[in-house]
Amino acid sequence: MLNLITNLTHKIEDRAVRAGFAFRVASGYYRDVIEREATLASITKDDHILCIGGGICPFSAILFHQRTGARVTVIDNNAACIPKAREVIARLGLADFLTVIHQDGDCPDLQFDNFSVIHLALQVSPMERVFARAVAATAPGTRLLIRRPKKYLANIYCPSFTGALDDKPYTTHKSRNIGCTLLYIKQDGELNGDN
Ligand SMILES: C[S@@+](CC[C@H](N)C(=O)[O-])C[C@H]1O[C@@H](n2cnc3c(N)ncnc32)[C@H](O)[C@@H]1O
């Protein structure tokens, strides 16, 4: 089911990339979400954000940069997304600030320690493991933003990923599928995502 949703999202994003008007409408969908997430994590121009799961059109990464001035590195594990995402960024004249890399967030070799903010898209899979890797490999103080689905969609997007984050600060969204974004801050001396 998650694969179906990811494929559908890719189709929508592909159209949005090819049509300027559709791009503006689709980025409007993310604008309020990014505003709330940037505020929740107090993101500034001095941050370097890692966006895990950028898709064909990395709206979130682009809007994070436009909203905060922060540098953004975007990864996606689907190779077909990478050239298209780079093209969008180049067309917007943002190539000096946003980098797109073909990489899996679930890869043990992924270097997380260059980033002060790590953002996990709603469709990241396996969400629980990518989150645990990020927590284990980041420096204390790193802020992790984790998007969670609306309740009625919870079984489609990695259903097991809940309890450990229930007491964390969060912001809710009006969007159709993103229910909320949780903020998790890596603590000093914390070695993994269990505590
Ligand atoms: C369709 S996009 C949605 C993101 C949206 N464009 C945005 O700007 O927020 C979600 C992407 O996450 C990617 N993805 C899922 N799991 C991943 C993982 N473990 N590592 C990297 N990318 C992943 C999928 O390939 C998909 O392209």
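In short, a report on the structure.

Calculation rules
- Residues numbered from 1 in each chain as written.
- Predicted model: local features only at pLDDT ≥ 70, side-chain atom pairs only at ≥ 80, totals over all residues.
- Heavy atoms only, no water.
- Helix = DSSP H or I, 4+ residues; strand = E, 2+ residues; numbered from the N terminus.
- Polar contact = N/O pair within 3.5 Å; in protein donor to acceptor, adjacent residues only side chain to side chain.
- Contact = heavy atoms within 4.5 Å.
- Salt bridge = Lys/Arg side-chain N within 4 Å of Asp/Glu carboxyl O.
- Buried < 20%, exposed > 50% of the residue type's maximum accessible area, 1.4 Å probe, protein only.
- Phe/Tyr/Trp six-rings, centres within 6.5 Å; stacked < 30°, edge-to-face > 60°.

Notes on the side chain of His173
Move 1: Inspection of the secondary structure puts His173 in the loop between strand S6 (170–172) and strand S7 (178–185).
Move 2: Within the structure, the side chain of His173 is placed 2.7 Å from the side chain of Thr181, a separation counted as a polar contact.
Move 3: Those residues in contact with His173 that sit more than four places away from it in its chain are Val33, Arg36, Glu37, Lys150, Ile178, Gly179, Cys180 and Thr181.

Digging into the pattern of salt bridges
Move 1: Going through the model one piece at a time under the given rule, you end up with nine salt bridges.
Move 2: One salt bridge connects Lys45 with Asp46, and the closest N-O pair in it is separated by 3.4 Å. Both residues of the pair, Lys45 and Asp46, count as exposed.
Move 3: We note a salt bridge from Arg143 to Asp47, for which the minimum N-O separation is 2.4 Å. Of the two residues, Arg143 is situated in strand S5 (residues 143–149) and Asp47 in the loop between helix H2 (20–40) and strand S1 (48–52); the sequence distance between them amounts to 96 residues. Asp47 carries the same exposure label as Arg143, and that label is buried.
Move 4: Shared partners join several salt bridges into a network, and the residues in it are Asp106, Arg129 and Arg133.

Overview of the packing of aromatic side chains
Move 1: The final tally for this structure, using the stated rule, is three aromatic pairs.
Move 2: Ring plane angle 85° and centroid distance 5.2 Å describe the contact between Tyr29 and Tyr30, whose orientation is recorded as edge-to-face.
Move 3: Relative accessible area serves as the criterion here: at 28%, Tyr29 is assigned to the partly exposed category.
Move 4: Summarising the aromatic geometry, the rings of Phe131 and Tyr184 are spaced 5.0 Å apart at their centres and angled 85° between planes, so their arrangement reads as edge-to-face. Of the two residues, Phe131 sits in helix H5 (residues 127–137) while Tyr184 sits in strand S7, which places them 53 residues apart along the sequence. As far as the burial class goes, Phe131 and Tyr184 line up, both buried.

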